[in-house]
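Observations on the three-dimensional arrangement
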Amino acid sequence: MRYTILALMFFLLSATSMAVAADFVLITDPANPAAAINEKEAKNIYLGKKTVWDDGRHVTVFTQSASAVHILFLKDVLGKTTQQYATYWKKSLFTGTGLPPKDFATDAEVKAAVAAQPGSIGYIAPASLDTSVKALTLR
């Protein structure tokens, strides 16, 4: 009985994490040779700690803070709330240690910016993914 309960709990936890990961897609420009990044790399990019791709190109970071996708991305990848993320960037800007990412209002705006800027990264809802950008696998 105890093993059945443990197996059920494990299944529910893994199903929850799979559903959460499907709530956003990391994207980059189609010419970017990167096909996947791990969560630590994504976190470092979005916190301004990693500013170049492995091939040496500059990373341009885009967000969309006016969306539910933003809340899910921050929670799942950065472990932060929207307020914590905003405060992090205000502090970085004030101390001169970094500039916050360029922010957009919609998936369409993020896609257009990512498609037009080599070396860029953003996130959108999975339903908005098309061939104008390339999905990055989050490991």
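These notes cover the structure that comes with them. (Residues numbered from 1 in each chain as written. Predicted model: local features only at pLDDT ≥ 70, side-chain atom pairs only at ≥ 80, totals over all residues. Heavy atoms only, no water.)

**Section: the environment of Gln 64**
Heads up, the condition is: Secondary structure is summarised from DSSP: a helix means a run of H or I of at least four residues, a strand means a run of E of at least two, and numbering begins at the N terminus for each. Burial classes: relative accessible area under 20% of the type maximum marks a residue as buried, over 50% as exposed, and values in between as partly exposed (1.4 Å probe, protein chains only). Two residues qualify as a contact provided that any one of their heavy atoms is within 4.5 Å of a heavy atom in the partner residue. We define a polar contact as two N or O atoms separated by no more than 3.5 Å, with the added condition that, inside protein, one atom must be a possible hydrogen donor and the other a possible acceptor, whereas residues neighbouring each other in sequence contribute only through side-chain atom pairs.
Here Gln 64 shows up in the loop between β3 (60–63) and α3 (68–78). By relative accessible area, which is 1% here, Gln 64 ends up buried. The contact partners of Gln 64, leaving out residues within four places of it in the chain, are His 70, Asp 103, Phe 104, Ala 105, Thr 106, Asp 107, Val 110, Tyr 123 and Ile 124. A polar contact is formed between the side chain of Gln 64 and the backbone oxygen of Tyr 123, at a distance of 3.1 Å.

**Some points on the packing of helix α2 (residues 39–46) against α3**
When two helices pack together, their arrangement is given by the angle between their axes and by how far apart the axes lie. Using the following cut-off: Interaxial angle, 0 to 180 degrees, is taken between N-to-C directions of lines fitted to C-alpha atoms, where a helix line uses only the stretch in contact. Geometric relationships in this document are graded by angle, where less than 35 degrees denotes roughly parallel, more than 145 denotes roughly antiparallel, 65 to 115 denotes roughly perpendicular, and other angles denote oblique. The nonpolar class holds Ala, Val, Leu, Ile, Met, Phe, Trp, Tyr, Cys and Pro. Asp, Glu, Lys and Arg form the charged class, and all remaining residues, Gly among them, are polar.
Where α2 contacts α3, the two axes come as close as 9 Å, and the packing angle between them is 120°. Considered as vectors, α2 and α3 are oriented oblique to each other. For the pair α2 and α3, contact is made by Glu 39, Ala 42, Lys 43 and Tyr 46 and by Phe 73, Asp 76, Val 77 and Leu 78, respectively. Looking at the contact of α2 with α3, its residues break down into 5 nonpolar, no polar and 3 charged.

**Examining the pattern of salt bridges**
Note on pairing: side chains with opposite charge can pair once their charged atoms come close. Filter applied, for reference: A pair is scored as a salt bridge if a Lys or Arg side-chain nitrogen falls within 4 Å of a carboxyl oxygen belonging to Asp or Glu.
Scanning the entire structure with this criterion turns up 4 salt bridges. Asp 55 is paired through a salt bridge with Arg 57; the nearest N and O atoms lie 3.0 Å apart. Given a relative accessible area of 43%, Asp 55 falls into the partly exposed group. Accessibility expressed as a relative area gives 24% for Arg 57, which makes it partly exposed. A network of salt bridges, in which partner residues are shared, links Glu 41, Lys 50 and Asp 54.

Spatial relationships are all this shows, so hold off on functional conclusions.
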